[in-house]
Amino acid sequence: MNAPLQGHTVSKPNAAAQALLSVDNVSLEYRTPQRVVRATHQVSFEIDPADRFVLLGPSGCGKSTLLKAVAGFIQPVEGEIRLQGQRVDAPGPDRIVVFQEFDQLPPWKTVKQNVMFPLLASKTLKRKEAEERALHYLDKVGLAAFADVYPHTLSGGMKARVAIARALAMQPKILLMDEPFAALDALTRRKMQEELLLLWEEVRFTLLFVTHSIEEALVVGNRILLLSPHPGRVRAEVHSHQYNLHSLGGVAFQESARRIHRLLFDETPEAERELDFSDIRIAY
Ligand code: ADP
Ligand code: MG
């Protein structure tokens, strides 16, 4: 069970309001003919509008599986996922996923056609409006001048921006990102984190972001859910709204990173219980 032991106070400032997304005691499994693999065990969290909510944990702890369940590709074997109170049981245009591989952009379509494609395929908009919407979001990610080029002419960072523009153009209720910058070099990755935050400042979308990097979680997120190694269980939730790229290397940032590392990997987190972290909810 994930029982909150301490300091749940800041986790939900307005408890009366309905969460945008509720993940309620969710266990996820893969069944192969040989065996059943439990990917997550009784995971619960809630995301409020305009949260930048991060799932953080070591490789194999079930982050991608959780994201796929929120997207509606996988059904829980236990528990329930609700979007604005409605049970999630299938994929839908209100939840758009950006994956790590940017070569998900069909190479025979121009950048603009790539961004327009989901809008047309889902019959969200007619061609004219889809084109306007695509250009609007390409402008937001700084790629207006590249609307008519083909993806193979773009750098990795630019492809990432196209993928983000394409997702945001659908105006989903929640944007789901699975290690979206992991394949980029370190400098481009940092730049993309910065651009994502600037974009969030402007558009205020709701984000569920998966990473295994503590540093990236602190920079990108306002709330971070720490998951234990396989099968993923909730270890703790940490508030990190005070950090951005300018905090990197600072004393408070480093201390938070160390603390998260301890929470993630310590087998005996008793020591943490004695300390007063008002910004942490710990679950065991
Ligand atoms: P993460 O994204 O945190 O690295 P995943 O969600 O990809 O973790 O995987 C969680 C667990 O589920 C891992 O043990 C992984 O091996 C297993 N798993 C993932 N996908 C499948 C699959 N298609 N079939 C069987 N097991 C899987
Ligand atoms: Mg993964």
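Residues numbered from 1 in each chain as written. Chains lettered and ligands numbered in written order. Predicted model: local features only at pLDDT ≥ 70, side-chain atom pairs only at ≥ 80, totals over all residues.

## Considerations on the site of ligand 1
Under the convention used in this document: As a rule, any residue with its backbone-derived C-beta atom within 6 Å of a molecule or strand is reported as near that molecule or strand. For the purposes of this entry, the term helix denotes a DSSP run of H or I that reaches at least four residues, the term strand denotes a run of E that reaches at least two, and both are numbered from the N terminus. Under the grouping applied here, Gly and all other residues not named as nonpolar or charged are polar, the nonpolar ones being Ala, Val, Leu, Ile, Met, Phe, Trp, Tyr, Cys and Pro and the charged ones Asp, Glu, Lys and Arg.
The full set close to ligand 1 counts 13 residues, and Tyr30, Ala39, Lys63, Ser64 and Thr65 are the nearest of them. Of all the elements in the fold, those that place two or more residues in the shell around ligand 1 are strand S2 (36-47) and helix H1 (63-71). The greatest single-element share of the shell around ligand 1, amounting to three residues, is contributed by H1. A breakdown of the residues in the shell around ligand 1 according to their chemical character gives four nonpolar, eight polar and one charged.

## Looking at helix H2 (residues 111-121)
Quick reminder of the rule: Three exposure classes are used. Buried residues have 20 or more other C-beta atoms within 10 Å of their own C-beta, exposed residues have 12 or fewer, and partly exposed residues fall in between, all C-beta atoms being placed from the backbone. Whether two residues are in contact depends on their C-beta atoms, placed from the backbone: they are in contact if these lie within 7 Å.
Every buried residue of H2 is accounted for by Val111, Lys112, Asn114, Val115, Met116 and Leu119. The inward-facing, buried residues of H2 contact helix H3 (127-140) and helix H4 (156-169). Downstream of H2 by one or two residues, lysine 123 has phi in the positive range, about 55°.

## Let's talk about the nonpolar core
Selection rule: The term nonpolar core refers to a set of buried Ala, Val, Leu, Ile, Met, Phe, Trp, Tyr and Cys residues connected through C-beta atoms within 7 Å. Source of the domain bounds: an automatic or database domain assignment.
With 75 residues, the main nonpolar core has Val70, Ala165, Leu175, Leu176 and Leu226 as its most contacted residues. Of the residues forming this core, the biggest block, eight residues, is contributed by H4. Counting contributing residues, this core receives three or more from each of domain 1 (18-94 + 173-282) and domain 2 (106-171). Excluding its chain neighbours within four sequence positions, the residues that come into contact with valine 70 are Leu21, Ile81, Val88, Arg95, Leu176 and Leu208.

## Things to note about the confidence of the model for the protein chain
Definition in use: Confidence of the predictor at the level of single residues is captured by pLDDT, which takes values from 0 to 100.
Looking at the protein chain, the pLDDT average stands at 88 and 87% of residues meet or exceed 70. Throughout residues 1-12 the model reports pLDDT below 50, and contacts reaching past four residues in sequence, or to other chains, amount to 27 contacts.

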